[in-house]
Amino acid sequence: MIGTLGAKAREDLSDIGRFGRFVWRAILASGWSISRATTYPLILAQMNIIGVRSVPVVMITGAFVGMILAVMAYDQLAGMGLEEHLGVLINVSVVKELGPVLTAVMLAGRVGGALTAELGTMNVTEQIDAVRSMGTDPVLACLLLTPVLIIYADLLGVLGGYFVGVIQFGINSQGYWNFSAYGVELWDVVVGVVKGFFFGAAIAAISCYKGFTCKEGAQGVGRACTEAFVASFISILALDFALAVIFKAIYNTFWPLKSLVG
């Protein structure tokens, strides 16, 4: 048993090392791609696939998140006479946590799996030149467009919460927006958007790495897609926790804590 655990640990450490080397090479290649105008059409094509085509599903996700939060929280706040504070709860939750995380999860499922499958298929069919030519373009596209998609999700989340809170439950519109403006700061929006850069980089790096290193055959490609999504999902949650701790420490250093129901 000890030998098995040792072999597994050694294999895992080797995978971490290979992934680290892959990320470093991707960073260097990305810098090279940015410096050469001839690569811009390839990057723009990936930005269209990864970003533009993801807008509808991201907007739908954001809208339903806002509406669900409104439905779940209204009764509790109304019981305390704080229903006009519903917008604060919804909007802070959406822009700081749920919007970025769920957008990243949707991208990991929609884009990450597709990248892994495409690169994996090229790899197992020995299309090495094709694999290398597009290897860094998805990384740049995810890095640049995930924050933009998060803004779309935040916007629809805010509007979805407003629709349920004001239109369906009859909360005073002016009070809803006044308390929202008081509780949601520019810092909250910036935190959510900055998280998108980290989430996008993690999704692209993991998905591309799994595609580059997948085993031969359809089963190998399918397994690589599954592993890419699971690893991306865990990475998103781990990064979200780490970034939440870091940004909270930064905020508490410069600004006093403000109550959301003040």
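Think of each chain on its own: its residues are numbered from 1, step by step along the sequence as written. Reporting in this predicted model follows two pLDDT cut-offs: at least 70 for local features of residues, and 80 or more for side-chain atom pairs to be given and counted; totals over whole chains, interfaces and linings ignore these cut-offs and use all residues. Calculation of side-chain values draws on the structure's entire complement of heavy atoms; hydrogens and water are dropped beforehand.

Within the secondary structure, Ala104 sits in helix H4 (residues 86-124). For Ala104, a relative accessible area of 0% puts it in the buried group. Note: C-alpha distance between Ala104 and Phe247 (143 residues apart in sequence) is 19 Å. Helix and strand assignments follow DSSP, with helices taken as H or I runs no shorter than four residues and strands as E runs no shorter than two, numbered in order from the N terminus. Throughout this description, buried means an accessible area under 20% of the type-specific maximum (1.4 Å probe, protein chains only), exposed means over 50%, and partly exposed covers the range between.

The next subject is the nonpolar core. For the purposes of this section, nonpolar cores are sets of buried Ala, Val, Leu, Ile, Met, Phe, Trp, Tyr and Cys residues that join through side-chain atoms within 4.5 Å. Within the largest apolar cluster, 27 residues are counted, with the highest numbers of intra-cluster contacts made by Ile50, Val111, Ile203 and Ile236. Breaking this core down by element, the ones donating at least two residues are helix H2 (40-50), helix H3 (55-79), H4, helix H6 (137-168) and helix H8 (186-213). The leading source of residues in this core is H4, at 8 residues. The next biggest cluster of nonpolar side chains, apart from the first, holds 12 residues, and it includes Val65, Tyr74, Val164 and Ile171.

Together, Ile60, Phe64, Ile68, Val71 and Met72 make up a nonpolar patch on the protein surface, roughly 520 Å² of accessible area in all. With respect to the helices and strands, Phe64 occurs in helix H3. On the basis of relative accessibility, which here comes to 49%, the residue Phe64 falls in the partly exposed class. Residues qualify for a patch when their relative accessible area is over 30% and they have no salt bridge, like charges being joined within 9 Å and the nonpolar side chains of Val, Leu, Ile, Met, Phe, Trp and Tyr within 5 Å. All accessible areas in this document rest on Shrake-Rupley with a 1.4 Å probe, and a residue is counted as covered only by the protein chains that are shown. Whenever a carboxyl oxygen of Asp or Glu lies within 4 Å of a side-chain nitrogen of Lys or Arg, that contact is scored as a salt bridge.

Glancing now at the packing of aromatic side chains. The aromatic pairing rule takes the rings of Phe, Tyr and Trp, using the six-membered ring of Trp, and pairs them if the centres are within 6.5 Å, calling planes under 30 degrees apart stacked, those over 60 edge-to-face and the rest tilted. Evaluated as defined, the whole model comprises 8 aromatic pairs. Residues Trp187 and Tyr251 carry aromatic rings whose centres are separated by 5.9 Å and whose planes lie at 45° to one another, so their mutual orientation is tilted. Of this pair, Trp187 sits in helix H8 while Tyr251 sits in helix H9 (residues 217-254); the two residues are 64 residues apart in sequence, bridging distant segments of the chain. Taken together through their ring pairs, the aromatic side chains of Tyr162, Tyr176 and Trp177 make up a single cluster.

Before going further, it helps to spend a moment on the pattern of salt bridges. Scanning all chains against the criterion turns up 5 salt bridges. Residue Lys195 is joined to Glu97 by a salt bridge in which the shortest nitrogen-to-oxygen separation is 2.8 Å. Of this pair, Lys195 sits in helix H8 while Glu97 sits in helix H4, placing them 98 residues apart in sequence. Relative accessible area serves as the criterion here: at 1%, Lys195 is assigned to the buried category. For Glu227, the salt bridge goes to Arg223, with nearest N and O atoms at 3.0 Å. Taken together, the residues Glu227 and Arg223, both in helix H9 and 4 residues apart, mark about one turn of the helix. Residue class for Arg223 comes out exposed when judged on its relative accessible area of 54%. Residues participating in the shared-partner salt-bridge network are Glu97, Lys195 and Asp240.

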